[in-house]
Amino acid sequence: MQAFSKPVTAPASVPLAHTHYENFPVASLLLPAHLRYAVSVIYQFAREADDIADEGDAGETERLQALQSYEDELLLIQAYIQAERLQFKTLQQVVRTHKLEVQSLLDLISAFKQDVVKTRYANFEELLDYCRRSANPVGRLMLQLYGADTAQNRQWSDQICTALQLINFYQDIAIDLQKHGQTGRIYLCQDEMQVAGMTEMDLRNQRLDSTWQAFFLYNVARAEQLLLAGKPLSRRLTGRIGFELRMIVAGGERIIYKLKRCRGDIYHHRPTLNAFDWPIILLKALFKQ
């Protein structure tokens, strides 16, 4: 699952999926063979759309127009009309074969569009809405592919995906400040920063005092609570999907551990997974911890 939108990076054999899509479980050895093609097609769609929003030198208008063309193709698929472009014809076949919800793909495009124009989040509700569209859809698509798409599983999956997206935000505070021209992106809530006594200039000046540490750890703890709330899904699902999800959750927990240890100094010590972390993650997944 993504979430598994942008969180941690794993070896190709057991990718962590997050989140945006560097961690989608493409070609994972844990994926059943009959699903690898479908996952790869969905990944390709998400990766290309994400690159339109984030990469290169195109202007805002050009990016939005390109993303709109993706949305238009998805609307054709949703209306059971033949897609026009080859890559979407392939995606359409995957959607039909596995009875996937096109709305999840449309939600991803909505989030990518937002990335083009929005760089600040007034409150946590706004941030959760972004996660709902940028991270949660991939988890839901994976549940559909595995035939495990129940209301309870969706709730747990959404909690895991949102948590992993938030974890990635906290990993990438310094990196995101360099995106979107001189403006930078900030995924910390503006109202909470104000209450905590933090400013954008504090982030750019790499403030590391007790005020920043307390605010940073508060955000990390909130993401951890969400991850733990969704963790029952990794025990309920059996077989390969259950094991892969336990690896994902354990990887997220490991990054949280490192975020806590760095105490907010993500400017010089961005937490990542290394070779020493994988035995710990594997053992937690094997013993369903």
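All of these numbers come straight from a predicted model, not from anything done at the bench. (Residues numbered from 1 in each chain as written. Predicted model: local features only at pLDDT ≥ 70, side-chain atom pairs only at ≥ 80, totals over all residues. Heavy atoms only, no water.)

## Things to note about the nonpolar core
Here comes step 1: Phe-45 and Leu-74 are the most contacted members of the largest nonpolar core, which has 84 residues in total.
Here comes step 2: Here the element with the most residues in this core is helix α13 (residues 239-262); it accounts for 11 residues.
Here comes step 3: Here Phe-45 is in contact with Tyr-70, Leu-74, Phe-88, Leu-91, Leu-105, Leu-108 and Ile-109, once residues within four sequence places are set aside. (Core = buried A, V, L, I, M, F, W, Y, C linked by side-chain atoms within 4.5 Å. Buried < 20%, exposed > 50% of the residue type's maximum accessible area, 1.4 Å probe, protein only. Helix = DSSP H or I, 4+ residues; strand = E, 2+ residues; numbered from the N terminus. Contact = heavy atoms within 4.5 Å.)

## Some details on the state of the cysteines
Here comes step 1: The final tally for this structure, using the stated rule, is 0 disulfides.
Here comes step 2: With no disulfide partner, Cys-161 has as its closest neighbouring cysteine sulfur the one in Cys-131, 9.8 Å distant.
Here comes step 3: Free cysteine Cys-189: the closest other cysteine sulfur is in Cys-131, separated by 9.5 Å. (Disulfide = S-S within 2.5 Å.)

## Details of the pattern of salt bridges
It is possible for side chains bearing opposite charge to pair when their charged atoms get close.
Here comes step 1: Enumeration according to the criterion identifies 21 salt bridges in this entry.
Here comes step 2: Put simply, Arg-47 and Asp-51 hold a salt bridge, and the shortest N to O gap is 2.9 Å. Of the two residues, Arg-47 and Asp-51 are both situated in helix α1 (residues 33-54); the distance of 4 residues between them amounts to about one turn of the helix.
Here comes step 3: Across the pair Asp-158 and Arg-140 runs a salt bridge, and its minimum N-O distance is 2.6 Å. Of this pair, Asp-158 sits in helix α7 (residues 151-171) while Arg-140 sits in helix α6 (residues 136-146), and the two are 18 residues apart along the sequence.
Here comes step 4: Residue class for Asp-158 comes out buried when judged on its relative accessible area of 14%.
Here comes step 5: In the salt-bridge network here, residues are joined through shared partners; they are Arg-47, Asp-50 and Asp-51. (Salt bridge = Lys/Arg side-chain N within 4 Å of Asp/Glu carboxyl O.)

## Some details on the environment of Gln-190
Here comes step 1: When you line up the elements, Gln-190 lands in helix α9 (residues 190-196).
Here comes step 2: Along the sequence, Gln-190 and Arg-120 sit 70 residues apart, while their C-alpha atoms lie 7.3 Å from each other.
Here comes step 3: Apart from residues no more than four positions distant in its own chain, Gln-190 is found in contact with Arg-120, Tyr-121, Ala-122 and Glu-200.

## A short note on the packing of α1 against helix α3 (residues 86-98)
If you want to describe how two helices pack, look at the angle between their axes and the distance between the axes.
Here comes step 1: Across the interface, α1 lies against α3 with an axial gap of 10 Å and an inter-helix angle of 135 degrees. Viewed along their axes, α1 and α3 adopt a mutual orientation that is oblique. Like other packed secondary-structure pairs, α1 and α3 cross with a definite hand, here left-handed. On α3, the residues that touch His-34, Leu-35, Tyr-37, Ala-38, Val-41, Ile-42, Phe-45 and Glu-48 of α1 are Gln-87, Phe-88, Thr-90, Leu-91, Val-94 and His-98.
Here comes step 2: Split by residue class, the contact of α1 with α3 holds 9 nonpolar, 4 polar and 1 charged. (Axes fitted to C-alpha atoms, helices over the stretch in contact; angles between N-to-C directions. Parallel < 35°, antiparallel > 145°, perpendicular 65-115°, else oblique. Left-handed = near helix turned anticlockwise from the far one by under 90°. Nonpolar A, V, L, I, M, F, W, Y, C, P; charged D, E, K, R; others polar.)

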